[in-house]
Amino acid sequence: MLFRPDRIDFRLIGFYTGRVVWGVGLAMLIPATFAFAIGEINEGLAFLIGSSVALIVGVLSSLTLRTRAPLRTTHGLATVALAWLTAPLPAAIPLLLSGHYASYLDAYFEAMSGFATIGLTLANDLDHLARSVNLWRHLMQFMGGQGIVVVVLTIFASGGGQVGTLYTGEGREEKIVPNVISTARFIWKVALVYASLGTTLLWSALLVAGLQPLSAAYHAVNLFMSAFDTGGFSIHSSSAAFYRSPVVEAVLMVLMLAGAFSFALHYQLWRNRVDELGRNIETRTLALSLLTLFTVMCIGLARTETFTEFGSLFRVGFFQVVSAHTTTGLSTVPGRLFVTDWGMLAPAMLVAAMAIGGMAGSTAGGIKAIRVGVLAKGLRGDIRRVLLPENAAVVETYHSTTRQVLRSEQVRQAAMLLVLFLLLYLGGGILGLFYGYDMELALFESTAAASSAGLSVGLVRPDLEWPLKVVYIAQMVIGRLEFVSIFALAGYVVSIVRGRV
Amino acid sequence: MSRMRSNPVDRSRVALGALLTVLIISGIVGMAEWLRPHAGDPDRVVVNESLAADPRLALNCPEPQAREGRRPRGAPRLPTAVTSGELLDCPTTWDGRTVRYSGELIGAVLQRREGAWLQVNDDEYAHGLGPLPSHPNLRGGNAGIGVWIPRTLIDRIQTLGGPRQQGDVVELTGVYHRVDPHSREVAIIRATDLRVLISGGPATAPVAPRRVVTAIVLGSIAAGFLIAQWRQRRRFRR
């Protein structure tokens, strides 16, 4: 039973939330420095203001709320939820001050879309946005993809053993190595290795595509953060289509898939266990799902005669389904064409791909391949129990780093989360109906927000109704944190009001 | 061993804390609104004028939309000047037709062996308003089309649009392709002619004197707090 919080509960949650805000404030000094270096003085000042606000709040909470009390699981979960709701507050300041956002709500939406690696945007005139502000949009996705709580508390320090509870609150269940700090630092190591290789490859591909060297470097850095952290923001409104390059698209697909792989899988690959790729339940589920959805999409696009030859169908369709399945949201097709030129079947496959998402413990969102795989195995086990003699012992196993026995508790948890995600997708879709949008559009956009995919059919735009903006923000953070942290925070709120939960 | 709960915080204190939090957030939002470009400008307009971008509006295409099993018919004779909205709303209508299209050159000229790729926007910012934040009118997102031009036309381009920069406004003639048979790109125009209507140039940045003062004041306060925190940690370690 959760009783009404006492002072120590508030101090703990406030202290660690303040540390995260403090970290966001430090991170804003990066685009501030870049802005001053390239002569974007107004934007540089905006970042200094945002950074100062975040640092003041963070330091004040540290000075006034410091405590030696241990962080329990409920504290950790509530802290993560509160940190994710609070971090976009100062992060939105430079966005609003850029002059490209209609209101603070729009800027907050953009900041949340960045941290939660969604990729939906409310920017007006994105193609003329200042370079430093665009860098900040992508940097937020990089931080969010790694997990902003984990980012701050491992790099900036002294979380110690307390970080463990916060780690799981950000939707990461698996510790790759026994120590959570070491796990978080391994995640950073992988990200930095991919950053060096990925940015270099992208830079080369962009040079071939026709960009000038400095411009190619800028685009490469931002594109990497968008692709590897499966975020989906782009420098230009035309997204990945701007580059008109199959080579760039190929590199982006590799990075998107790498981002959608769990860090536990990366650890196995790091230790040269390449056979894990073929044996892991998640890679198998992901591969089967990709293949199935892509095949059905091809059938749909062939029926609409949108594409009349396989080369173009494969290039465009495969990129889109990979972008959707990894919940990145980069696109080589104007979103409007999903409605006017892709029929019904192909966009429906994109919705399914976004809904399923990537692997657990990756930068991707969605229901996650492990849960789909576990449910499929559970279903198979149930069918076998029906078909086999009554006294037969049916044991289902799956491989995830090691061979494990499938327990009914795991199937139950996977089913519960599947239902919660489906309700989340449907809830946003129904609200879209209320505002007059067609069901397929409303469901597409709702799934994109809640699964952190970010592909858009044009429903999310600057003049979107404000209640929908608020609902999409809620869907973003709930989907990103996978419900539990939000439930913990809600539990604290209820316990304050009722005296207990 | 779990900690004994003997002293829950009084609801009135929680309410006070919540009120204080709301006040702080309101203060942050209010400060940001006060500092934004063109704050208090009576001419500031926030509306999406490009109605074609509203997905709820019914399409009025001479040709039906692509649907499974439905083949497009031949369309009647059509005017040639189009917008990106018309091309994307009715792609089967315009597929393979010669069109006239005008807009602002954006981003970069991506030169290839036989020509170059351009992004040409025809939104409100391209046709008259100019780029944000040089004016206070927020007219929604960008709208545009990818264009392929032959090498002979590249030299006509002078200025590309970007941050604080208005690109050349051009008019081009070419064939629109739902899927280009040569490059396999989606929804592009293969241009055969291009002329610059309005040369691009730098866009003015709004003056922001309040920001300098605010940044200095807040930065000083933040620096002061950071020093205080560092000193506290030093004392703690001793």
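Residues numbered from 1 in each chain as written. Chains lettered and ligands numbered in written order. Predicted model: local features only at pLDDT ≥ 70, side-chain atom pairs only at ≥ 80, totals over all residues. Heavy atoms only, no water.

*Asks:* Sorry, what's going on with the interface of chain B and chain A here?
*Replies:* Reports often express the size of an interface as the amount of accessible area lost when the parts come together. With 88 residues of chain B in contact, the opposing surface of chain A contributes 96 residues. Here chain B and chain A share an interface that buries about 7,900 Å² over both sides, 57% of which is from carbon and sulfur atoms. At the boundary of chain B and chain A, one finds 6 salt bridges. With a closest N to O distance of 3.3 Å, R244(A) and E185(B) form a salt bridge. Where chain B packs against chain A, one counts 29 residue pairs in polar contact (both at pLDDT 80 or more). At the level of secondary structure, the elements contributing two or more residues to the side of chain B that touches chain A comprise α1 (11-35), α2 (84-89), α3 (91-94), β1 (98-111), β2 (115-121), β5 (169-179), β6 (186-198) and α5 (209-237) of chain B. Ranked by the residues each element gives to the side of chain B that touches chain A, the list is headed by α5(B), at 14 residues. (Contact = heavy atoms within 4.5 Å. Buried area = accessible area lost by both parts, 1.4 Å probe. Salt bridge = Lys/Arg side-chain N within 4 Å of Asp/Glu carboxyl O. Polar contact = N/O pair within 3.5 Å; in protein donor to acceptor, adjacent residues only side chain to side chain. Helix = DSSP H or I, 4+ residues; strand = E, 2+ residues; numbered from the N terminus.)

*Asks:* Explain the confidence of the model for chain B here, please?
*Replies:* Fine structural detail should not be taken from predicted coordinates in areas where pLDDT scores are low. Looking at chain B, the pLDDT average stands at 85 and 83% of residues meet or exceed 70. Scored as a whole, the predicted complex attains pTM 0.92, and scored at its interfaces, ipTM 0.89. (pLDDT = per-residue confidence, 0-100.)

*Asks:* Would you explain the side chain of S234(A) in this entry?
*Replies:* Residue and element names in this part refer to chain A. Inspection of the secondary structure puts S234 in the loop between α11 (213-228) and α12 (246-260). A distance of 2.7 Å separates a polar side-chain atom of S234 from the backbone oxygen of H236. Non-local contacts of S234, meaning those with residues more than four positions away in its chain, are made with L126, N134, R137, H138, S239 and L330.

*Asks:* Any chance you could explain the packing of aromatic side chains here in plain terms?
*Replies:* For any two aromatic rings, the description comes down to two numbers: the centre-to-centre distance and the angle of the planes. Residue and element names in this part refer to chain A. Tallied over the full model, the rule gives 22 aromatic pairs over all chains. Aromatic pair F47 and W136: ring centres 6.2 Å apart, planes at 80 degrees, arrangement edge-to-face. Of this pair, F47 sits in helix α3 (residues 41-65) while W136 sits in helix α7 (residues 131-146), and the two are 89 residues apart along the sequence. When the centroid spacing of 6.5 Å and the interplanar angle of 90 degrees are considered together, the rings of F115 and W136 count as edge-to-face. Of this pair, F115 sits in helix α6 (residues 104-115) while W136 sits in helix α7, and the two are 21 residues apart along the sequence. Just as F115 is buried, W136 falls in that class too. The ring of F233 has R137 lying over it, and the distance from NZ or CZ to the ring centre is 4.1 Å. (Phe/Tyr/Trp six-rings, centres within 6.5 Å; stacked < 30°, edge-to-face > 60°. Buried < 20%, exposed > 50% of the residue type's maximum accessible area, 1.4 Å probe, protein only. Lys NZ or Arg CZ within 6 Å of the ring centre and 35° of its normal.)

*Asks:* Looking at this model, I keep getting lost on the nonpolar core. Mind explaining?
*Replies:* Nonpolar side chains in soluble globular proteins generally cluster together in the buried interior. Counting 171 residues, the largest nonpolar core has W136(A), W342(A) and I149(B) as its most contacted members. Here this core gets 10 residues from one element, more than from any other, and that element is helix α10 (residues 180-209) of chain A. Contacts of I149(B), omitting those with residues within four sequence positions, involve G115(B), A116(B), L118(B), I154(B), I157(B), A191(B) and L194(B). In terms of nonpolar packing, the next biggest core, distinct from the first, is built from 8 residues, A355(A), F421(A), L424(A) and Y425(A) among them. (Core = buried A, V, L, I, M, F, W, Y, C linked by side-chain atoms within 4.5 Å.)

*Asks:* Sorry, what's going on with the packing of helix α4 (residues 73-86) of chain A against helix α5 (residues 88-97) of chain A here?
*Replies:* Two packed helices can be described by the angle between their axes and the distance between those axes. All names here are of chain A. Axis separation between α4 and α5 bottoms out at 6 Å; the angle between their running directions is 15 degrees. With respect to α5, the element α4 is oriented roughly parallel. Here A83, W84, L85 and T86 of α4 lie close against α5, whose contacting residues are P88, L89 and P90. For the contact of α4 with α5, the per-class residue count stands at 6 nonpolar, 1 polar and no charged. (Axes fitted to C-alpha atoms, helices over the stretch in contact; angles between N-to-C directions. Parallel < 35°, antiparallel > 145°, perpendicular 65-115°, else oblique. Nonpolar A, V, L, I, M, F, W, Y, C, P; charged D, E, K, R; others polar.)

*Asks:* In this structure, what is going on with the pattern of salt bridges? I would like to understand it.
*Replies:* Two side chains carrying opposite charge are able to pair once their charged atoms lie near each other. One pass over the structure, following the stated rule, counts 23 salt bridges over all chains. A salt bridge links R315(A) to E185(B); the shortest N-O distance between them is 2.5 Å. Remark: E185(B) occurs in the loop between β5 and β6 and R315(A) occurs in helix α16 (residues 310-325); the pair is interchain, linking two chains. For R315(A), a relative accessible area of 14% puts it in the buried group. On the accessibility criterion, E185(B) (4% relative accessible area) is buried. Where R385(A) meets D382(A), a salt bridge forms, and the shortest distance between an N and an O atom there is 2.9 Å. With R385(A) and D382(A) both in helix α19 (residues 369-387) and 3 residues apart, the pair spans about one turn of that helix. Several salt bridges share partner residues, and in doing so they unite R244(A), E249(A), R315(A) and E185(B) into one network.

*Asks:* Explain the packing of α4(A) against helix α22 (residues 466-481) of chain A here, please?
*Replies:* All names here are of chain A. The contact between α4 and α22 brings their axes to 11 Å, and the two run at 140 degrees. Handedness of the crossing formed by α4 with α22: right-handed. Between α4 and α22, the residues in contact are V80, A81, W84 and L85 and V477, R480 and L481, respectively. Of the residues assigned to the contact of α4 with α22, the class counts are 6 nonpolar, no polar and 1 charged. (Left-handed = near helix turned anticlockwise from the far one by under 90°.)

*Asks:* I would appreciate a short explanation of the layout of surface pockets in the present structure.
*Replies:* One simple way to see leftover space: roll a probe sized like a water molecule over the atoms. A volume near 1,700 Å³ is recorded for the largest pocket. Looking at the largest pocket, it is lined by 41 residues, and the ones nearest its centre are G14(A), L65(A), G17(B), A18(B) and T21(B). Put simply, the parts of the chain that give the lining of the largest pocket at least two residues each are α1 (7-27), α3, α4, α5 and α23 (484-498) of chain A together with α1 of chain B. Broken down by element, the lining of the largest pocket gets its largest block of residues, 11 residues, from α1(B). Its residues assigned to classes, the lining of the largest pocket comprises 30 nonpolar, 8 polar and 3 charged. (1 Å grid on protein atoms, 1.4 Å probe; cavity = no way out; pocket = protein on both sides within 12 Å on 5 of 7 lines; lining within 4 Å. Points joined across faces, edges and corners; volume = space filled by probe spheres on them.)

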